[in-house]
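Descriptive structure summary
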Amino acid sequence: MIRLIGFFLTILVSSMAHASITPWISFELENGHIKVPVTVAGIESTAILDTGAQGNAINRNFIDFHKLDLAHHGNIKIQGVHETERRKLYSNVDVNLFGIQTKLSGLAEFNMGNSQDSLLIGSGFFNQFVIQIDYPNSRMRMVTRDVIDVAKHENIRTQTHKGSGLPIVQTEIAGKKVWLLLDTGSTSGVVIGRRLAEGLDLIAPNDDQITSRGVNSQSTMRITRLEEFTFGPFVLSDVELIYPEEGQRILHLEQYEHTSSRIKGKKVRGIVGYDVLKHFLVTLDYARGHMHLSVPEQL
């Protein structure tokens, strides 16, 4: 699957006048999700770009709504935020993304509510190039590594999680340095485990209760606001913080804790998502684990 995506993106860059920097590509921001137009099995739809996903997936609601008869082979366990389920794997699915026609295999079936959303595109896409995501102006572009060395310009401690290959960043919450997964698929601000929230004295009895829906199930969470959240050289105020209700578990976070011995002692304690990223132009070398943050001018 990753080789397929890599081949596809090589075609994409060469098709754009052999440029080392692609033109800016507009995207839609919907509830914090980055969405781009895509055609799947001849049907126009949208794809969600998600740095927190290790693979690619296809929406079961999209398949059911359009009554698609897609080839599938085998199954895979999909671990969501709250639960793990066994799902089908689809192969040889016709896809047209950014004007390039290809076939994708290894697409795991998962749940996205809106049947207009067909695909979730994960690490196989982001690994190939340096990606620039301009949140305030809703646009993105791909840059080859010979054009920009993100490591030289990095202004937030970033590295690749060696257990999963996903990008993690060092932040500061309530005076404590905390490593979080960088997740463009998360519509929240910061999500951490309840034990950490308790240890940082961030829990109050009147925190609002919410329902968090993952790809497999839903769970009860609590929501509050952080007075300060340090993200690289920037200090943000009034950032959304979500933590589990007492007795609830977040499987997605535990996965990273279990592999912490393989990431040089870095213990990943949660997720940082859209409510933080929305302020920035994010320049991310996903595969090598480097990132630069800046505040772009509004177009």
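Located above this text is the structure these notes cover.
Notes on the structure in this doc start here. (Residues numbered from 1 in each chain as written. Predicted model: local features only at pLDDT ≥ 70, side-chain atom pairs only at ≥ 80, totals over all residues. Heavy atoms only, no water.)

Some remarks on the overall build of the protein chain
Tallying secondary structure elements over the protein chain gives seven helices and 25 strands in all. The 299 residues of the protein chain split such that 53% are buried. For the protein chain, contacts bridging at least 24 residues in sequence account for 64% of all contacts bridging at least 6. If you sum the accessible surface of the protein chain, you get close to 13,700 Å²; carbon and sulfur atoms cover 46% of it. (Helix = DSSP H or I, 4+ residues; strand = E, 2+ residues; numbered from the N terminus. Buried < 20%, exposed > 50% of the residue type's maximum accessible area, 1.4 Å probe, protein only. Contact = heavy atoms within 4.5 Å. Areas by Shrake-Rupley, 256 points an atom, 1.4 Å probe, with all protein chains shown as cover.)

As for the nonpolar core
Nonpolar side chains in soluble globular proteins generally cluster together in the buried interior. The biggest cluster of nonpolar side chains holds 69 residues, and the ones touching the most others in it are L119, F229 and F231. In this view, F229 contacts T171, E172, I173, L180, V190, F234, V235, L236, V239, V272 and V276; residues no more than four positions away in its chain are not counted. If you look at the next biggest cluster of nonpolar residues, it comprises eight residues, including A53, A57, A108 and F110. (Core = buried A, V, L, I, M, F, W, Y, C linked by side-chain atoms within 4.5 Å.)

Notes on the pattern of salt bridges
In this structure the tally under the stated criterion is twelve salt bridges. With its nearest N and O atoms 3.8 Å apart, the salt bridge here joins E109 to R60. Taken together, the residues span a long stretch of sequence, with E109 in strand β10 (residues 107-110) and R60 in helix α2 (residues 60-65) at a distance of 49 residues. Overall, the relative accessible area of 8% leaves E109 in the buried class. Two residues, K177 and E172, come together in a salt bridge whose shortest N-O distance is 3.7 Å. Several salt bridges share partner residues, and in doing so they unite R225, D238, D275 and K278 into one network. (Salt bridge = Lys/Arg side-chain N within 4 Å of Asp/Glu carboxyl O.)

Some words on the pairing of strand β16 (residues 176-182)
Burial within β16 is extensive, with five of its seven residues counted as buried. Two elements, strand β15 (residues 167-173) and β16, share six bridges in a ladder whose sense is antiparallel. Counterpart to V169 in the pairing with β16 is L180. The antiparallel pairing of β15 with β16 creates a hairpin that spans two residues between the two strands, and A174 there sits at a positive phi of about 50°. As paired elements, β16 and strand β23 (residues 268-272) share four bridges and run parallel to each other. (Pairing = 2+ DSSP bridges.)

Looking at the pairing of strand β4 (residues 43-49)
Within a regular strand, side chains alternate between the sheet's two faces. Of all seven residues in β4, six are buried; the element is thus mostly enclosed. Relative to β4, strand β3 (residues 33-40) is paired through seven bridges, and the arrangement is antiparallel. Paired with V36 across the bridge in β4 is A47. The antiparallel pairing of β3 with β4 creates a hairpin that spans two residues between the two strands, and A41 there sits at a positive phi of about 55°. As judged from the four bridges shared by β4 and strand β11 (residues 117-121), these two strands associate in the parallel manner. Pairing of L49 across the sheet is with I121, part of β11.

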